[in-house]
Amino acid sequence: MSSVIELKNLKKYYGESRGIEDVSLNIEEGTIYGFIGPNGAGKSTTIRTMMGLINKTDGEIFLF
C-alpha cells in the first residue's frame, strides 16, 4: 500500500519557543489513525502545518 500522509522530522518554532519538534509518522492508505495527546502537545500545530495554514520551520510533508 502507499502512504497518504508522511511526515519526516517536522519542526515548527515560534521564535525561540517550540511548537513541534521532530514529528515523524507514516499513515498508509485505508488506515484509521487517532491523533491524541494532552493540551500543548502540538496536535493543532502539526495539522495546521500539514494543511499549509502555517509554515514549517524544518522537515518534510508528503500528502497523497
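Remember, it's a predicted structure, so these values are computed and weren't measured experimentally. (Residues numbered from 1 in each chain as written. Predicted model: local features only at pLDDT ≥ 70, side-chain atom pairs only at ≥ 80, totals over all residues. Heavy atoms only, no water.)

## Some details on unusual backbone geometry
Spelled out, the test is: Under the scheme used here, helices are H or I runs from DSSP no shorter than 4 residues and strands are E runs no shorter than 2 residues, and both carry numbers assigned from the N terminus. Categorising residues by exposure relies on relative accessible area from a 1.4 Å probe, with only protein chains included: less than 20% of the type maximum marks a residue as buried, more than 50% marks it as exposed, and the intermediate range marks it as partly exposed.
With a phi close to 50°, Asn9 is a non-glycine residue in the positive phi region. Here Asn9 is to be found in strand E1 (residues 3-14). Accessibility expressed as a relative area gives 44% for Asn9, which makes it partly exposed.

## Some points on the pairing of E1
This is how it is decided: Pairing between two strands requires that DSSP report at least two bridges joining them.
Sheet topology note: the E1/strand E2 (residues 17-28) ladder contains eight bridges and is antiparallel. By the bridge assignment for E2, Glu6 is matched with Asn26. Count of turn residues in the E1/E2 antiparallel hairpin: two residues, of which Gly15 carries a positive phi of about 70°. Both E1 and strand E3 (residues 58-63) contribute to a ladder of five bridges, which runs antiparallel.

## Examining the pattern of salt bridges
Note the threshold: Here, a salt bridge means any Lys or Arg side-chain nitrogen found within 4 Å of an Asp or Glu carboxyl oxygen.
Applying the stated criterion across every chain, the model contains two salt bridges. With a shortest N-O distance of 3.7 Å, Glu6 and Lys8 are connected by a salt bridge. Note that Lys11 and Asp22 form a salt bridge whose closest N and O atoms lie 3.6 Å from each other. Residue Lys11 is located in strand E1, and its partner Asp22 is located in strand E2; the two are separated by eleven residues in the primary sequence.

## Brief notes about a nonpolar patch on the surface
Basically, it comes down to this: Patch members must show over 30% relative accessible area and no salt bridge, and they are joined within 9 Å when carrying like charges or within 5 Å when they are nonpolar side chains of Val, Leu, Ile, Met, Phe, Trp or Tyr. Here, Shrake-Rupley sampling with a 1.4 Å probe gives the accessible areas, and only protein chains in the shown set may cover a residue.
A grouping of Tyr33, Phe35, Ile47, Met51, Leu53, Leu63 and Phe64 is seen on the molecular surface, where their side chains present a nonpolar patch of about 800 Å² in accessible area. Structurally, Leu63 can be placed in strand E3.

## Let's talk about the nonpolar core
Applicable threshold: Nine residue types can take part in a nonpolar core, namely buried Ala, Val, Leu, Ile, Met, Phe, Trp, Tyr and Cys, and a core is a set of them joined through side-chain atoms within 4.5 Å. Working rule for contacts: check all heavy atoms of both residues, and any pair within 4.5 Å makes them a contact.
If you look at the biggest cluster of nonpolar residues, it comprises nine residues: Val4, Ile5, Leu7, Leu10, Ile20, Val23, Leu25, Ile27 and Met50. Of all the secondary structure elements, the ones that give two or more residues to this core are E1 and E2. Ile27 has contacts with Ser3, Val4, Ile5 and Tyr33, leaving out every residue within four places of it along the chain.

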